[in-house]
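# Tertiary structure, described
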Amino acid sequence: MTQSFTNELSFAKQMDKEDPLAKFKQSFYFPQHNGEDVIYFCGNSLGLQPKAVRDAIDVELNSWKELAIGGYMKGTNPWLYYQQYLNKPLSQIMGCLEEEVTVMNALTVNLHLFLLSFYKPQGKRNKIIMEAGAFPSDQYAIETIVKQYGLSPDQIIVEIAPQQGDKILHTKDIISTIEKTGDELSLVLLGGINYYTGQLFDIKNITTATHDVGAIAGFDLAHVAGNVPMQLHEWKVDFAVWCSYKYLNGGPGAVGGAFVHQTHANNIDTPRLGGWWGNEESTRFKMEKGFIPKPTAAGWNLSTAQVFNTVCLKASLEMFDAAGIRAIRTKSVLLTNYLEFLLKDITDLNFEIITPANSEERGAQLCLYFIERGKEVHQKMHEAGIVVDYREPGVIRVAPAPLYCSFEDVHRFYMIMKNLKA
Ligand SMILES: *Cc1c(COP(=O)(O)O)cnc(C)c1O
């Protein structure tokens, strides 16, 4: 990073003036604190509401009101194809073919569906590598699928933990664990960005190493989608799942996203649970015996498109399309580096940034680890109109999402924090 920052407010204002994405901030609603917008650095948990969603919902309400069943074919956005409207923008964000992506259900459900398709323990090839301290839902999904096969989680799951005194994992340690597990390895499942440390894994090289030993590489991209651009197709990732309510601003409980590589998606013999919505459209309404999956990621769809669970995401993705995921990432790197620069100037509070310092190993989020009084600091931030979240033990996660956070927001955050005495 050659950018040189200064800690004056005028610098932040100048950065905002030069920011080509600055205009998007006005397209979101901010919660209020003492009559002012809060500083919202919590887009890693729930993205803000795009102002466009109300009209988008109204369009679908009107189709329902005026056309009822006709909405499936004759609505403004015929519901029969509703999921497909998101394929293009999502394929840009995830770096894949349109046929490799779909929206359905929610993240954990989709993870289970893909585990059923891709975790096939056979003889000694039955091990699953995951990160120690993975998001609980990932841990529970793996634990319960392993038990479904009558296997013991303790013997199957290989957890990779940071080395003594370290908080993050090194790619070489992940790869050496993959190599060591070798022909016993069935599946690698990692969070693309670890939710607790903010570390972005080297998905490309981890996938290659996994394939080299003949195993499957899957990723939980909850903290990646809309944050860091991916190249899932080119990297040959086997499958990935993500939620749409974090950086993608799809609203609470929005429909989940799913990627299946073309090589698996095109093969209608890839095992899966079937439902009528994943069946070929030409025969779907014949209601006949015999499931013929679509030769795309949509071949995993089970139920009727969840229009009202998808409409906000659809509206939000139009903004991602307009801004471009590359431009979003460029701003994000700058914004987070600027935050890091300012945080290093704060000496009165006892904390450490545990997120990797290299911007290629992180997304928007920095995790501040407080050896003590993290909760108290979090409470004081809250009282000062800052929305950030706290995760045990002792971590405050600070995530300036680039579509709606400004350099001035980061500066305000810095000034408030500088004046906090723990
Ligand atoms: C947020 C998050 C989830 C949430 O899963 P849901 O099924 O949407 O509740 C799962 N995994 C990770 C890593 C997350 O960060």
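Before any of the text, the structure's been laid out above.
Predicted model, so just to flag it, every value in this text is computed and none were measured.

Let's shift gears to the overall build of the protein chain. The secondary structure content of the protein chain amounts to 15 helices and 17 strands. In summary, the protein chain has a C-alpha radius of gyration of 22 Å against a globular reference of 22 Å for 422 residues, a match within 12%. Oriented by its inertia axes, the alpha-carbon framework of the protein chain measures out at about 70 × 60 × 35 Å. When each of the 422 residues of the protein chain is scored for burial, the buried share is 56%. Long-range contacts, defined here as pairs at least 24 residues apart, represent 71% of the contacts in the protein chain between residues at least 6 apart. Accessible area of the protein chain: about 18,300 Å², with a carbon and sulfur share of 52%.

Turning our attention to the site of the ligand. The immediate surroundings of the ligand are formed by L107, T108, F135, D138, D220, A222, H223, C243, Y245 and K246. One of the side-chain nitrogen or oxygen atoms of D220 is found 2.7 Å away from a nitrogen atom of the ligand. Take K246: an N or O atom from its side chain is 2.6 Å from an oxygen atom of the ligand. In isolation the ligand has 390 Å² of accessible area, and contact with the protein removes 84% of it. Here the shell around the ligand is composed, by residue class, of five nonpolar, two polar and three charged.

Turning next to the environment of Q262. Here Q262 shows up in helix 10 (residues 262-265). Since its relative accessible area comes to 25%, Q262 is described here as partly exposed. Along the backbone, Q262 and V237 are 25 residues apart, and their C-alpha atoms lie at a distance of 9.9 Å. Aside from chain neighbours lying at most four places away, what touches Q262 is L97, E99, E100 and H233.

Let us look at unusual backbone geometry. Cis peptide bonds are those with omega within 30 degrees of zero, and the linkage from E392 to P393 qualifies with -10°. Topologically, P393 is positioned in the loop between strand 16 (389-391) and strand 17 (395-398). The backbone phi angle of N34 is positive, close to 50°, even though this residue is not glycine. The backbone of N105 sits at a positive phi, close to 50°, despite the residue not being glycine. Locating N105 in the fold gives a position in the loop between strand 6 (101-104) and helix 5 (107-118).

For the rest of this paragraph, the subject is the pattern of salt bridges. Within the structure shown, the criterion is met by 17 salt bridges. Between E36 and R412 there is a salt bridge, with the nearest N and O atoms lying 3.6 Å from each other. In this pair, E36 sits in strand 3 (residues 36-37) while R412 sits in helix 15 (residues 407-418), placing the two residues 376 residues apart along the sequence. Using a relative accessible area of 47% as the deciding quantity, one classes E36 as partly exposed.

For the rest of this paragraph, the subject is the packing of aromatic side chains. Enumeration over the complete set of coordinates arrives at 22 aromatic pairs. Aromatic side chains Y40 and Y404 sit 6.2 Å apart centroid to centroid with 55° between the ring planes, which places their arrangement in the tilted category. Separated by 364 residues along the polypeptide, Y40 in strand 4 (residues 39-40) and Y404 in the loop between strand 17 and helix 15 bring together distant segments of the chain. Using a relative accessible area of 9% as the deciding quantity, one classes Y40 as buried. A relative accessible area of 1% places Y404 in the buried class. Between F135 and Y195, the ring centres sit 5.2 Å apart and the planes meet at 85°, which makes this aromatic pair edge-to-face. You can see F135 sitting in the loop between strand 7 (127-131) and helix 6 (136-148) and its partner Y195 sitting in the loop between strand 9 (185-191) and helix 9 (203-212), a full 60 residues away along the chain. Judged by relative accessible area, which is 35%, F135 ranks as partly exposed. We classify Y195 as buried; its relative accessible area is 17%. Linked through ring pairs, F5, F11, Y338, F341 and F407 together constitute an aromatic cluster. When the ring centre of F135 is taken as origin, the NZ or CZ atom of K246, which lies over that ring, is 5.3 Å away. In this structure, R272 packs its charged tip against the face of W300, placed 3.8 Å from the ring centre.

Each value, and the rule that gives it
- Residues numbered from 1 in each chain as written.
- Predicted model: local features only at pLDDT ≥ 70, side-chain atom pairs only at ≥ 80, totals over all residues.
- Heavy atoms only, no water.
- Helix = DSSP H or I, 4+ residues; strand = E, 2+ residues; numbered from the N terminus.
- Rg over C-alpha atoms; globule rule 2.2 N^0.38 Å.
- Buried < 20%, exposed > 50% of the residue type's maximum accessible area, 1.4 Å probe, protein only.
- Contact = heavy atoms within 4.5 Å.
- Areas by Shrake-Rupley, 256 points an atom, 1.4 Å probe, with all protein chains shown as cover.
- Near = heavy atom within 4 Å.
- Polar contact = N/O pair within 3.5 Å; in protein donor to acceptor, adjacent residues only side chain to side chain.
- Nonpolar A, V, L, I, M, F, W, Y, C, P; charged D, E, K, R; others polar.
- Salt bridge = Lys/Arg side-chain N within 4 Å of Asp/Glu carboxyl O.
- Phe/Tyr/Trp six-rings, centres within 6.5 Å; stacked < 30°, edge-to-face > 60°.
- Lys NZ or Arg CZ within 6 Å of the ring centre and 35° of its normal.

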